[in-house]
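Breakdown of the fold
Residues per chain, in single letters:
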Amino acid sequence: MFRRSFNRFCAGEEKRVGTRTVFVGNHPVSETEAYIAQRFCDNRIVSSKYTLWNFLPKNLFEQFRRIANFYFLIIFLVQVTVDTPTSPVTSGLPLFFVITVTAIKQGYEDWLRHRADNEVNKSTVYIIENAKRVRKESEKIKVGDVVEVQADETFPCDLILLSSCTSDGTCYVTTASLDGESNCKTHYAVRDTIALCTAESIDTLRAAIECEQPQPDLYKFVGRINIYSNSLEAVARSLGPENLLLKGATLKNTKKIYGVAVYTGMETKMALNYQGKSQKRSAVEKSINAFLIVYLFILLAKAAVCTTLKYVWQSTPYNDEPWYNQKTQKERETLKVLKMFTDFLSFMVLFNFIIPVSMYVTVEMQKFLGSFFISWDKDFYDEEINEGALVNTSDLNEELGQVDYIFTDKTGTLTENSMEFIECCIDGHKYKGVAPETDGLSQTDGPLTYFDKADKNREELFLRALCLCHTVEVKTSDAVDGPPESAELTYMSSSPDEIALVKGAKKYGFTFVGIRNGHMRVENQRKEIEVLQDQAAETIEALHAAGLKVWVLTGDKMETAKSTCYACRLFQTSTELLELTTKTIEESERKEDRLHELLIEYRKKLLHDFPKSTRSLKKAWTEHQEYGLIIDGSTLSLILNSSQDSSSNNYKSIFLQICMKCTAVLCCRMAPLQKAQIVRMVKNLKGSPITLSIGDGANDVSMILESHVGIGIKGKEGRQAARNSDYAVPKFKHLKKLLLAHGHLYYVRIAHLVQYFFYKNLCFILPQFLYQFFCGFSQQPLYDAAYLTMYNICFTSLPILAYSLLEQHINIDTLASDPRLYMKISDNAMLQLGPFLYWTFLAAFEGTVFFFGTYFLFQTSSLEENAKVYGNWTFGTIVFTVLVFTVTLKLALDTRFWTWINHFVIWGSLAFYVFFSFFWGGIIWPFLKQQRMYFVFAQMLSSVSTWLAIVLLIFISLFPEILLIVLKNVRRRSARRNLSCKRASDSLSARPSVRPLLLRTFSDESNIL
Amino acid sequence: MSQKYNPITWRTKMKKTSQICQSKLPDNTALKQQQLPAYRLQLSATGVLSGFFATGAFCLGVGIILILSAKSIKEIEIKYTKICANCAELREDAINFDKECTCSIPFYLSETMQGNVYLYYKLYGFYQNLYRYILSRSNSQLVGTDLKVRLYLIWYNTPFFKDQSHNGTPIAPCGAIANSIFNDTIILSYNLNSSIHMEVPMLRSGITWWTDKYVKFRNPSAINLSSAFTGTAKPPYWSKPVYELDLEDTENNGFLNDDFIVWMRTAAFPTFKKLYRRLNRVQYFIEGLPAGNYSFNITYNFPVTRFKGEKSVVLSTLTWSGGSSLFLGLAYTVTGSSLPGRNYRLSNNC
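Residues numbered from 1 in each chain as written. Chains lettered and ligands numbered in written order. Predicted model: local features only at pLDDT ≥ 70, side-chain atom pairs only at ≥ 80, totals over all residues. Heavy atoms only, no water.

With an unreviewed UniProt entry as reference, chain B is termed Cell cycle control protein, source organism Lynx canadensis. The Subcellular location (unreviewed entry) comment attached to chain B in UniProt states, word for word, "Membrane". (UniProt positions renumbered as here; feature names shortened; annotations may be inferred.)

Our next topic: the overall build of chain A. Helix and strand content of chain A: 35 helices and 28 strands. When burial is assessed residue by residue, chain A has 55% of its 1009 residues classed as buried. Element-wise, carbon and sulfur atoms account for 59% of the exposed surface of chain A, whose accessible area totals about 45,000 Å². (Helix = DSSP H or I, 4+ residues; strand = E, 2+ residues; numbered from the N terminus. Buried < 20%, exposed > 50% of the residue type's maximum accessible area, 1.4 Å probe, protein only. Areas by Shrake-Rupley, 256 points an atom, 1.4 Å probe, with all protein chains shown as cover.)

Let's shift gears to the nonpolar core. Core analysis: the largest hydrophobic core is formed by 189 residues, its most contacted members being A:F880, B:F126, B:F260, B:W263, B:L289 and B:F296. In contact with B:F296, other than residues within four places in its own chain, are B:I78, B:C103, B:S104, B:I105, B:F107, B:L119, B:I186, B:I187, B:L188, B:V313 and B:L315. Core analysis: the next-biggest nonpolar cluster, separate from the first, contains 50 residues, A:L548, A:Y727, A:L738 and A:V905 among them. (Core = buried A, V, L, I, M, F, W, Y, C linked by side-chain atoms within 4.5 Å. Contact = heavy atoms within 4.5 Å.)

Before going further, it helps to examine a positive patch on the surface. Residues A:K824, A:K968, A:R971, A:R972 and A:R976 make up a contiguous surface patch of positive charge. Looking at the element boundaries, A:R972 is found in helix 34 (residues 944-988). (Patch = residues over 30% accessible without salt bridge, like charges linked within 9 Å, V, L, I, M, F, W, Y side chains within 5 Å. Salt bridge = Lys/Arg side-chain N within 4 Å of Asp/Glu carboxyl O. Lys, Arg positive; Asp, Glu negative; His and termini not counted. Charge placed at Lys NZ, Arg CZ, Asp CG, Glu CD.)

Right, let's get into the UniProt feature "transmembrane region" (unreviewed entry) in chain B. Residues given the UniProt feature "transmembrane region" (unreviewed entry) here are residues 48-70 of chain B. Between the end C-alpha atoms of residues 48-70 of chain B there is a gap of 32 Å, over a span that is 100% helix and 0% strand.

All right, on to helix 1 (residues 45-71) of chain B then. Here helix 1 of chain B contains 27 residues, and its C-alpha end-to-end distance of 38 Å stays within 8% of the 39 Å for a straight helix at 1.5 Å per residue. Listed in full, the buried residues belonging to helix 1 of chain B are B:V48, B:F52, B:G56, B:C59, B:V62, B:G63, B:L66, B:I67, B:S69 and B:A70. (Expected span 1.5 Å × (residues − 1).)

Right, let's talk about the state of the cysteines for a bit. Each disulfide is one covalent bond, formed between the sulfur atoms of two cysteines. Residue and element names in this part refer to chain B. Scanning the entire structure with this criterion turns up two disulfides over all chains. Disulfide partner of C84: C103, at an S-S distance of 1.9 Å. Around the S-S axis, the bridge from C84 to C103 shows a dihedral of about -80 degrees and counts as left-handed. A residue pair is termed long-range when its members are at least 10 positions apart, and C84 in the loop between strand 1 (75-79) and helix 2 (85-91) and C103 in strand 2 (residues 102-109) qualify at 19 residues. As far as burial versus exposure is concerned, C84 and C103 are alike and both buried. The disulfide partner of C87 is C101, and the gap between their sulfur atoms is 1.7 Å. Looking down the S-S bond of the C87 and C101 bridge, the torsion is -80 degrees, so its handedness is left-handed. Note that C87 is positioned in helix 2 and C101 in the loop between helix 2 and strand 2, a separation of 14 residues in sequence. (Disulfide = S-S within 2.5 Å.)

Looking now at the interface of chain B and chain A. Residue-level contacts link 100 residues of chain B with 117 residues of chain A. Counting each side, the surface lost to burial between chain B and chain A is near 10,000 Å², with a carbon and sulfur contribution of 63%. Where chain B meets chain A, there are one salt bridge. Across the pair A:E331 and B:R132 runs a salt bridge, and its minimum N-O distance is 3.5 Å. Elements supplying a minimum of two residues to the side of chain B that touches chain A: helix 1, strand 4 (117-124), helix 3 (131-135), helix 6 (210-216), strand 10 (272-279) and helix 9 (327-349) of chain B. (Buried area = accessible area lost by both parts, 1.4 Å probe.)

Judged by pairing direction, the sheet is antiparallel, and its five strands sit side by side in the order 1-13-4-10-9 (chain B) without closing on themselves. In this open sheet, the two edge strands, each paired with only one partner strand, are strand 1 and strand 9 (202-203) of chain B. (Pairing = 2+ DSSP bridges.)

This part takes up the packing of aromatic side chains. This structure, assessed with the given rule, holds 97 aromatic pairs over all chains. Ring plane angle 75 degrees and centroid distance 5.0 Å describe the contact between A:W313 and B:Y127, whose orientation is recorded as edge-to-face. One end of the pair, A:W313, is in helix 8 (residues 283-313); the other, B:Y127, is in the loop between strand 4 and helix 3, on a second chain. We classify A:W313 as buried; its relative accessible area is 17%. Classification of B:Y127 by relative accessible area gives buried; the value is 14%. Over the aromatic face of A:W839 sits the side chain of A:K890, whose NZ or CZ is 4.4 Å from the ring centroid. A cation sits over an aromatic face here: B:R277 above B:Y276, 4.1 Å from the ring centre. (Phe/Tyr/Trp six-rings, centres within 6.5 Å; stacked < 30°, edge-to-face > 60°. Lys NZ or Arg CZ within 6 Å of the ring centre and 35° of its normal.)

This is the structure we're talking about:
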């Protein structure tokens, strides 16, 4: 939402015509031209949302935009204004609590953002002013200022490079934090300003830069610099992206540079590219909202029914105003329509508990507390980096149990981010396992080496090629041109395989020292082995077995990526591979035609092979031929971005059809943005599957942010991914337990929590609704106000919270070891219509039992042996007691994992209820207008009949549930027994006897058809 | 921590965080590893069956006992709205409030009512549970502390709180509940033979909750009751002020009047019984009510036909479980007998 609006804003920015003129050093270029200071924004970065002044109104406004909060606010206001049976405190207090807690949390987060902003804005920079180096705060930089940046510093704003300390006016820059490319890039200064490499000389420069208005594309920049030397004639030079140093990039291997600020603050390309971490919402949250709407509808229906019936009932005068209950003058005078409206609102308020405000509190607490279990898990601890898992958001815990697609990076995620030169093949001769570093490759010991060797020249040529054909940069601790002390050489490259090769060459005497001008190109074979991460293959296998589709998205070459996929068993040897790569497509002259052909062909193949039902797809995998798809970046862009006519759209849909049918997809040669594009594409598939991205590098950040759940690997490629992820784990293998055990449990817990909350509140409110039929629809509440308020807060909240934190319906180890269990909860299974209806009907049944059970109980003259008579408050209290016990015991029946905490909270809650009821009824409370509950509870318990009735009603209410549990248990056991019986009989009886039967039924069916 | 909230990743200064060799290995505690010792419910077939059987047997037993004891109860109900039709007609119009109307209802008790016998009145179609009706009372007045109902400013405009005809004098006891008190007098007489009619001795005490009588309802303190209530008016529908409810027994007068207290406990449903008197087991009635001819002599004051309701008198004995309703007994019996049935089905499945 935010991003979209932001994009729109950017688009508008792009369309803005005109250029900006920047005067270098803010000096007027000539005396004749009047210098007009242009107004540009300052260099302040603002990522915070609030200030001290607007925090309260803005935050409140944003909070009440949430449908639930707004609803509760309305209810509260109705309670305050209209004369209603329930006190405003009942809903006001929880609402106040929720709003306050959220405001504090958001305020704290914004304070942290302010601090981070300040850290950046107040950081020290050096500006050349009047030929002097002036120290300033970063936020004070104006457009046109000449800024000095030293090695390993980040650029404080977008700069045009004027000069550097090197004679050729170049500098090296790494943009890892912007686009994830960690290699050094060379940027150039304009020829005419190269020489100005001191503060004094740079100050003499009179120049004006004309460039386009700010735009978010990192790789586009068009501008012109007009340099006014002594003569009036200006020298114009064009400026391109190679002259522009972006804010956020870091200066490397260059002592210092001078640059002139062209874009500052929020107008820098980086700020324009900033996508706020958009709020990710889980599928469960969407279900909650759906339930909310259903219950809102039920609520409105109830209120409408009651209002209508009330006026039907009151149509007879003796019901409207019986002699014993006269109306006030005011009541007689108010308009009937207005009265009906307020009656409707009053009924809404009376039944408003059906949508529990406390559920939101409990869900928040459950998520917040529950997420600790991930960071506490010692299985996620990695000794190498001495860290465990990191949880950045607690909103998505349950989403981990709902994943359909996994997008994984290859390097650093599936494989270790370290590569070694192990073997090579020169001119057809294989060299392997070279241990001693003597004279090149001239060793023969070791069982795997071959006896014949290639020509010595060939070997040398090979090694020279290894040494030279790459993009590796050298970093030394000393000056760049210093003596090449081999021990201090550090190689840097965007791909680790290059480093591995250079290091390999170095091992055999060919040391890469650095880059001078000119390159040498020699082709030869090379081979390196990638070290797979620990248990990567097992993890992928388990994920496959759990019904997840794994896609590998990598920037690597196809061959490397493919071999990795085989190594980690993403592709089995039996998997048939479908290739959509430049290689397969370039055979033809017109790429589009060939692509189209291939797409159609593959689709035919897949559709033919698979049954139509997509539901059974997951299970079908095991039985059918498996397909894998390989696609590369350029083909993907061809599919996605080819000519804008309808056919491209068609390509996309065919491509998606193919993808959905494939077990595994490998996308190689992907640019970071393409990764995100793929994720977005899959996200928007029919049925909107849940996607998970996992990666370790800065180039994975885009897909991590795009997918439903983003997982960062705390790898070697910096912390970008981990920082932007929702969860970060040290290794890929941890994904298995994270999804299969944690995800599964979180999902089951929260799904149960949600269902249970709606259930218990329907049970709670239904008797109150039914009571309206017996009290002339007068909005008389069934329960005392204290019970109404405390029900959700005190009596029934803690057991479900404990359950939702501790429940393990299946043992954690079993969950982690049996991936098929994950399929049981796929597609949000526990919050679908079926379970929802089950819970709703259960609640309706129980509510009816509570009410009518007690109703029939009350038909007798007296429940006590001494003939004393009970009133309406005793009636409500009996219903309420049965309710609290039933609802709590229902949870006890659902609990499969009884820790002492569960025992404590469940029995504690019931004890607290009893204790509270005695206490509440035991004192004449001075602040209460009515002592309606005085001794009601104690008097109620003095009757044997009441005891018997309460026990019976609880039992009847729980009976269907008990029966279900027992039946399930028995069926499981008998199924197990049947299975063993079958096995026994299978081994005994001859198989052929089964087959003809099957054949017969088959033929019968075909006859019918 | 702050890194998390720094979405623009300009901070590329690598923090040397893990320099301090502090182990971040999570604590190996049972709670944190989700390995708390826990009990998993394992249902064995025999356990379930025996549990069901025991529950079933228990329910069946309780059910039968309840049914038997309910059966032993004797109960007589006589609706007298139609029998006293002329009185009912008279009460139809509020103007006739001061005209007395009595009505005698003879009946024959074929069996002796053993033990304690209780006399109830029962109303049909009287909604004591209307929202505004239930609210219409002042508890602080009824405990005698706020007799003039000063705390109830918001209620001043509602009926029955201030006497409209007497310059708004506060009413005691105020509110709709008190105003609409059941004011029929029911006297049971035993016709030993055609000539001797004796009034059956009835107790008017001990029919309220103890806490109501001794805590929740208190008379304002004064030398005598009538002076305590000066400055207040009687409820409009009452024929006499509250301090004249029972002139013979000071413990039953004013707010402490048992009938008044009973009425003030609002009933849950529009059809309800309220305890009126209990048999004083003396003389002829030491065993209970002997079989024979009786008659109810009713002073008919309470209008019910105006809201299409009815009135009746109920004589009933009680047992340990209370009144004569079969519901609880039947419910237990049905539940109990349905359990072994399921038992059987289950064991078949196994």
